[in-house]
Amino acid sequence: MKFDIAINKLNGHDQEGKVGKINKRQGDSVKPGDTIFTLESGKGSIKYESEYDGKIVSLSIDEGQTVKKGQIVGSIEGEIVQKKAAEKQSYSFGMAKAKKEIHDVDVAIVGGGPGGYVAAVRGAQLGLKVAIIEKDRMGGTCLNRGCIPTKAIASSVDVLRKIKDSSAYGIEIDSYTLSMSEIIKRKNTVVDTLVGGIEHLMDSNEIIKVEGNAQIAGEKSLSVKTKKIDATINYKNLIIATGSSTFMLPIEGSDIPEILTSDTILDIEEVPESLTIIGGGVIGMEFAFIFRELGAEVNVVEFAPEILVLLDQDVVDVIKVAADEKGIKVMTGAAASRLINSENGQIITVIKKGEEEQYLASTHVLMAVGRKANIDSLELEKIGVELNGRKNGIEINDKCQTTNPDVYAIGDVTNKIQLAHVASHQGMVAMENIAGLDAHMQYEVIPSAIFTHPEIGNVGMTEKEAIEKGIAIKVGKFPLMANGKALCMGEPEGFVKIIAEEDSEQIIGGVVIGIHGTDMVATLANLIAEKRKLAEAQHVVYAHPTTAESIHEALLSANGKAIHFG
Ligand code: FAD
């Protein structure tokens, strides 16, 4: 039978793409899964793989040629292989042979998250031969189950919030329909586009990509065995970037299959009627604001005396007021001690607050109590890689080198700071050291972005940390309700706070809680990293009208000289 080769998949809403590498030509034999060619667009690359066992009869494309959606570019003569049947056969009779591969590389990286893939690109830039092994999808937690999907959903929620508030802007919207499945679909499109982009980066940087679970095979080699491949990767240096996974509290009932994790809630097709979130940290609070806005009854149960425990109290207070106004119920100093699947389909969370026991029924429960480093992903003892003192992450020095000097570890698996940009920066530092440069990690000026509403950008020392360390400080603070742009946008909640050493006036910390806070924090990070003093920073001119002007005002306020407040 003859089958058309048609341009039937493109990135997002693209209507055309550019032909990248052509792997098969007219007359070549193809098997199912063989890449015929790749299609490139601004959003990444897509592989066109054969679904047939046969021969390419015609293929009328050239590398670099633009092709349009729906265009027929060639044909294959052959048979459709029933995928399931083929897999079953290979399983039952052991007929299919895994393809043997041997790769000799300078650096092997296990894990294709923001730590691993960034390290890979940096290695290629430095002229190293790099292989990256990923058992799931490139992009890791961040792209597939973390930063990006949550923020894609949060962006849909921003639209919803504006629709609900539209009359305050002079626009009456009579009706609207909310579709959780469409929100998830949009999220998936964003994720797919970015994952495609990473795949493209691996190809364009000529990084060897091996799909499967990496295992330690010898002192300097890894093996990956799947149904498709039997690969050996011999390396001079290894980077472990295996990331982290969701963690379930070891309490009775936590194995109830319906209990949601941050992985599973990201694919929920309907808004829960009621949602109990166990954990009032960053992930828990982000989901609390998302699902409350979407219409769920939300309760947050936090064991610590306060939510978002690392932040200054004035920041937490703004979030608590916002949560209260939205109808998010927060219980602090409360331990979820048991989960019970009730007969009416609800889940009961048993909460212990002091001696008291309370019962909270909800249709859904989300466990958001932190993440565990994937330290068991490889048999670390075989290569002399040791864990840290708390045994919850791989021990590394400031060059990201483990106790085996040829092996580096980066990202969540080190449990230093579990953030994507920390993983990426560690990846660059590790690779630069492998390439013979002298790079070091500094953890004092790491910004964090929290997507509650209002959002928070925090960097450097908090006020409470400075006080605990006995550092005499000056604090400048400026409320966003006195900022013109924030008022225009109808987002007056929050403030900018600058912390400087009292005598030297060197800026050592800062926070922006409010609209654009997660972007504005970059300016504060620069001021702190460059050890700027208040007087130097106060002389920089900020454009008007912008929310960033409130940084200028907070800098001035540290010397009691804010212009628009006080
Ligand atoms: P990961 O991203 O976890 O990647 C590790 C990869 O290694 C995985 O793809 C895994 O499949 C692979 N792997 C593991 N073992 C093997 C093996 N043996 N063989 C082959 N492959 C293997 N961070 C932020 O900075 N900002 C945010 O807004 C943010 N939001 C988040 C929201 C949520 C809901 C969650 C869960 C996390 C969020 N994070 C955020 C944290 C961020 O996702 C992580 O810090 C980041 O992904 C860590 O990167 P990594 O490369 O160390 O590991």
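Residues numbered from 1 in each chain as written. Predicted model: local features only at pLDDT ≥ 70, side-chain atom pairs only at ≥ 80, totals over all residues. Heavy atoms only, no water.

Peer 1: Sorry, what's going on with the side chain of Thr35 here?
Peer 2: Take Thr35: it is sitting in strand E4 (residues 35-41). Contact partners of Thr35, with chain neighbours within four places excluded, come to Asn23, Lys24, Lys47, Tyr48 and Glu49. (Helix = DSSP H or I, 4+ residues; strand = E, 2+ residues; numbered from the N terminus. Contact = heavy atoms within 4.5 Å.)

Peer 1: Can you help me understand the sheet that holds E4 in this one?
Peer 2: In a beta sheet, neighbouring strands are held together by backbone hydrogen bonds and run either parallel or antiparallel to one another. Taken together, 4 strands build an open sheet; the order of strands is E5-E4-E2-E7 and the sheet is antiparallel. Looking at strand neighbours, the two that pair on one side only are strand E5 (44-49) and strand E7 (66-68), the edges of this open sheet. Averaged over all pairs of adjacent strands, the angle between their axes in this sheet comes to 40°, without regard to strand direction. Those strands touched by helix H5 (residues 180-204) are E4 and E5, and its axis lies near 85° from that of E5. (Pairing = 2+ DSSP bridges. Axes fitted to C-alpha atoms, helices over the stretch in contact; angles between N-to-C directions.)

Peer 1: Honestly, the packing of helix H4 (residues 147-164) against H5 in this entry has me stumped. Any pointers?
Peer 2: Helix packing geometry: the angle between the two helix axes and the distance between the axes. Here H4 crosses H5 at 135°, and the two axes come no closer than 9 Å. Classified by the interaxial angle, the pair formed by H4 and H5 is oblique. Classified by chirality, the crossing of H5 by H4 is right-handed. Of the residues in H5, those touching H4 at Ile148, Pro149, Ala152, Ile153, Ser155 and Ser156 are Ile183, Ile184, Arg186, Lys187, Val190, Val191 and Leu194. Looking at side-chain class alone, the contact of H4 with H5 contains 9 nonpolar, 2 polar and 2 charged residues. (Parallel < 35°, antiparallel > 145°, perpendicular 65-115°, else oblique. Left-handed = near helix turned anticlockwise from the far one by under 90°. Nonpolar A, V, L, I, M, F, W, Y, C, P; charged D, E, K, R; others polar.)

Peer 1: Even after reading the chapter, I still don't get the site of the ligand, so can you show me in this structure?
Peer 2: Around the ligand, the structure places 36 residues, and the nearest of them are Glu134, Thr141, Lys151, Ser377 and Asp412. Contact between the ligand and Ser377: a nitrogen atom at 2.6 Å from a side-chain N or O atom of the residue. One nitrogen or oxygen atom from the side chain of His421 is found 3.3 Å from an oxygen atom belonging to the ligand. Here the ligand has 990 Å² of accessible area as a free molecule, and 95% of this is covered by the chains. At the level of elements, helix H2 (114-125), strand E10 (130-134), helix H3 (140-145), H4 and helix H8 (420-434) are the ones that each hand at least two residues to the shell around the ligand. With 4 residues, the single largest contributor to the shell around the ligand is H3. (Near = heavy atom within 4 Å. Polar contact = N/O pair within 3.5 Å; in protein donor to acceptor, adjacent residues only side chain to side chain. Areas by Shrake-Rupley, 256 points an atom, 1.4 Å probe, with all protein chains shown as cover.)

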